[in-house]
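Next come the chains, spelled out residue by residue.
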Amino acid sequence: MKSHRKIKRAQSPLQLALRRFIKNKLALAGIIVLVLITLGAIFAPLLSEHDPTYGDLLKIEKVPSDEHILGTDGSGRDNFARLLYGARISLIVGFSAMLFTLIIGVVLGALAGYYGGKVDNLIMRLADLILAIPFLVLALTIIALLEKVTITIFVTVIAVTTWPSLTRIVRGTFLSLREQEFVLGARAIGASDLRIIFKHFIPNAIGPIIVNATLMMASMIIIESALSFIGMGIPQPTPTWGNMISEAQNIRILRNHPEAWIPPGLGILLTVLAINFIGDGLRDAFDPKSNRR
Amino acid sequence: MYKYIIRRILVFIPMLIVLSMIIFGLAKAAPGDPFTGRMLDPTIDPEVYEQQREALGLNDPVPIQYVNWASRMVTGDFGESMYYKGRSVASLIWERMPNTLYLGLFALAITLIVSIPIGIYSARNPYSIFDYGATTFGFFGLAVPNFFFGLIAIYLFAIKLGWFPSQGTITGTEVTGLQEFFDRIHHMVLPGITLGLAGTASYMRYMRSEVLDVLSSDYIRTAKAKGMSDRNVLYKHTLRNAMIPIITLMGFEFGALLSGAIITEQVFSYPGLGTLFINSITNRDYPIIMAIALLLGVTILIGNLLADIFYSIVDPRIRYD
């Protein structure tokens, strides 16, 4: 008798991680919320016909009506339109700041962890120094020196001041990988440094990198909104959630128009919660030792 | 251990110097100098302007300028404010510093008093309703921006319920003595909770996972097997070990606390270093910006140094070489 038992194809670590991830209900809920917010941001022009930067001075601080679902702000701009377009800016700034930080962090971390010695020392001392100055103080000091803040400059300032924590993580992983025998093997058959870094190191460090990048995006969104809130972020009239909440520093708007500043606050809260859930889900999924769920 | 402490202090000194160099570099990059404002004034003779620059040492080579600047900083001479005419930066900072210090200590006290017992209780009753409640609170505490939380707190407890004042540090000048003390505390409740929220959430999570870790270790099982009471196991074995990482965390979270204070003070119009810092940025008052940046940087460096030293004292298992 011939046996027809099929040999199951072994799953790659990435596939295993993906399977573990989709079983995680909180993370899945996070993805659904994030997708909904992203759709709202993308289709903002379809959901509201108002221009988020156009202020009608005859309609300042109006209460919600059929025309203006969430009323208008202190310059007569439609709050609902600003909420939707604000999601765009918040997500774009959060994502690009994360990406930029990720590039700096991974490159420097890889250099430090792979080459060690003097390069390592130089990069890590620089990281220590940047970590020694509180992020907000450093970022604000740099912003104080700038004539004008645009989204690109803003993202750069955030990236330049936040890369050290990621660099530390990447460096740590690389340092431990450096001593492994398969790396010695690769080197013995004549693989170049770049090949070893991209083929052997990065795939092995991808878990912590993805998890930290995800969680970092959440803090980037909070940072953007906090800086915009104190008026040091993306300048008005560009709609961002932080700029919208900033209006509530006026006690009259704070008291009489909660519909103007609570929705953007909830927007930040929901987005950050969703991203954190996804990040935690990814952490559990990538950790082979994790036995939760 | 002493060797380690000495070496750690020796590393601290060059870091301090480089920190001051970074801030000096940023100060040099600032557009103009104290005189560019007056340069536009046609009544000032370019020759006089040049003389004043010379007298202030602005024409000296940059390294000499740095040494002069650094030696002034060490003696506490931060120069004069460009915006508040005729006031020294030091006097402005000393005036605001106590407020920020009280607020920070108050927030830290709230954080520790709330987070540590909750963390321990959650770890001792994992996956209970209380634990889930605490975990949910932790998620929200870390996700909500502190300025939004602060505004909600003002809206609910100051405007709607009227329980607490929404801004400032004190009601008026007529309150004195013990009354003044309670009045200040009353003003600090909302900003203190706002500032302490994120820390509370993260300390709680740390405490929970540390206690859970320690509880599953062999020496705890041994202690229990010996017939030690739960109380003693908790205080003599679990907490002592679980507190060690919390101490390190405090060193690092110190910076987060100071950053948080900048935003929180702004929300509550609380007259501390944070509001002074932000006002100075708006006014482009560079001497104050640089002095506060340096002060906060040095504070963080000292905080990390103390955390490291303390860590080496409480945990003799760690060997440094």
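As a reminder, the structure under discussion sits directly above these lines.
Residues numbered from 1 in each chain as written. Chains lettered and ligands numbered in written order. Predicted model: local features only at pLDDT ≥ 70, side-chain atom pairs only at ≥ 80, totals over all residues. Heavy atoms only, no water.

A. Inspection of the overall build of chain B at higher detail. The number of helices and strands found in chain B is twelve helices and zero strands. Looking at chain B as a whole, 44% of its 321 residues qualify as buried. Pairs at least 24 apart in sequence give 72% of the contacts found in chain B among residues at least 6 apart. Of the accessible surface of chain B, which amounts to about 16900 Å², a share of 65% is contributed by carbon and sulfur atoms. (Helix = DSSP H or I, 4+ residues; strand = E, 2+ residues; numbered from the N terminus. Buried < 20%, exposed > 50% of the residue type's maximum accessible area, 1.4 Å probe, protein only. Contact = heavy atoms within 4.5 Å. Areas by Shrake-Rupley, 256 points an atom, 1.4 Å probe, with all protein chains shown as cover.)

B. Summary view of the interface of chain A and chain B. Across the boundary between the two partners, chain A contributes 41 residues, which contact 41 residues of chain B. Summing both partners gives a buried area of about 3700 Å² for chain A against chain B, and 83% of it is carried by carbon and sulfur. Taken together, the links from chain A to chain B amount to one salt bridge. Inspection of the region where chain A meets chain B yields zero residue pairs in polar contact (both at pLDDT 80 or more). (Buried area = accessible area lost by both parts, 1.4 Å probe. Salt bridge = Lys/Arg side-chain N within 4 Å of Asp/Glu carboxyl O. Polar contact = N/O pair within 3.5 Å; in protein donor to acceptor, adjacent residues only side chain to side chain.)

C. Fine view of empty space enclosed by the protein. Residues and elements named next belong to chain B. Inspection of every chain in the model, using the stated rule, returns four cavities of 30 Å³ or more. In this structure, the largest cavity encloses a volume near 50 Å³. If you list the elements that add at least two residues to the lining of the largest cavity, you get helix H10 (230-267), helix H11 (273-282) and helix H12 (286-314). Each pocket or cavity is described by its volume, and for the second largest cavity that value is around 40 Å³. In terms of lining residues, the second largest cavity is bounded by Asn99, Tyr102, Thr169, Arg184, His187, Met188 and Tyr270. Those elements that provide at least two residues to the lining of the second largest cavity are helix H5 (89-124) and helix H8 (177-215). Sorting elements by how many residues they give to the lining of the second largest cavity places H8 first, with three residues. (1 Å grid on protein atoms, 1.4 Å probe; cavity = no way out; pocket = protein on both sides within 12 Å on 5 of 7 lines; lining within 4 Å. Points joined across faces, edges and corners; volume = space filled by probe spheres on them.)

D. Seen up close, the pattern of salt bridges. All names here are of chain B. What the rule picks out here adds up to four salt bridges over all chains. Note that Asp131 and Arg208 form a salt bridge whose closest N and O atoms lie 2.8 Å from each other. In this pair, Asp131 is assigned in helix H6 (residues 129-143) and Arg208 in helix H8, connecting sequence segments 77 residues apart. Note on Asp131: relative accessible area 2%, which makes it buried.

E. Seen up close, the side chain of A:Asp120. For A:Asp120, the position within the fold is in helix H5 (residues 117-132). Residues within four places of A:Asp120 in sequence aside, it is in contact with A:Ala112 and A:Arg171.

F. Spotlight on H5(A). Here H5(A) contains 16 residues, and its C-alpha end-to-end distance of 22 Å stays within 8% of the 22 Å for a straight helix at 1.5 Å per residue. Buried residues of H5(A): A:Asp120, A:Ile123, A:Met124, A:Ala127, A:Asp128, A:Leu129, A:Ile130 and A:Ala132, and no others. Looking at the packing, one finds that the buried side of H5(A) touches helix H4 (79-115), helix H6 (135-145) and helix H7 (151-178) of chain A together with helix H1 (2-29) and H12 of chain B. (Expected span 1.5 Å × (residues − 1).)

G. Highlighting the environment of A:Ser48. The topology assignment puts A:Ser48 in the loop between helix H3 (44-47) and H4. If sequence neighbours within four positions are ignored, A:Ser48 has contacts with A:Asp78, A:Phe80, A:Ala81 and A:Leu84.

H. Focus on the nonpolar core. Of all hydrophobic cores here, the largest spans 154 residues; its most connected members are A:Leu140, A:Phe174 and B:Phe147. Residue contributions to this core peak at 19 residues, all from helix H9 (residues 193-229) of chain A. Other than its neighbours up to four places away in sequence, A:Phe174 contacts A:Ala110, A:Gly113, A:Tyr114, A:Ile197, A:Phe201, A:Ile202 and A:Ala205. (Core = buried A, V, L, I, M, F, W, Y, C linked by side-chain atoms within 4.5 Å.)

I. Inspection of H6(B) at higher detail. The first and last C-alpha atoms of H6(B) sit 21 Å apart over 15 residues, in line with the 21 Å expected at 1.5 Å per residue. Taken as a whole, H6(B) has its buried residues at B:Asp131, B:Ala134, B:Gly138, B:Phe139, B:Gly141 and B:Ala143. Among the structural elements, H9 and helix H12 (258-286) of chain A together with H5 and H8 of chain B are those in contact with the buried residues of H6(B).

Honestly, it's all geometry; don't read function into it.
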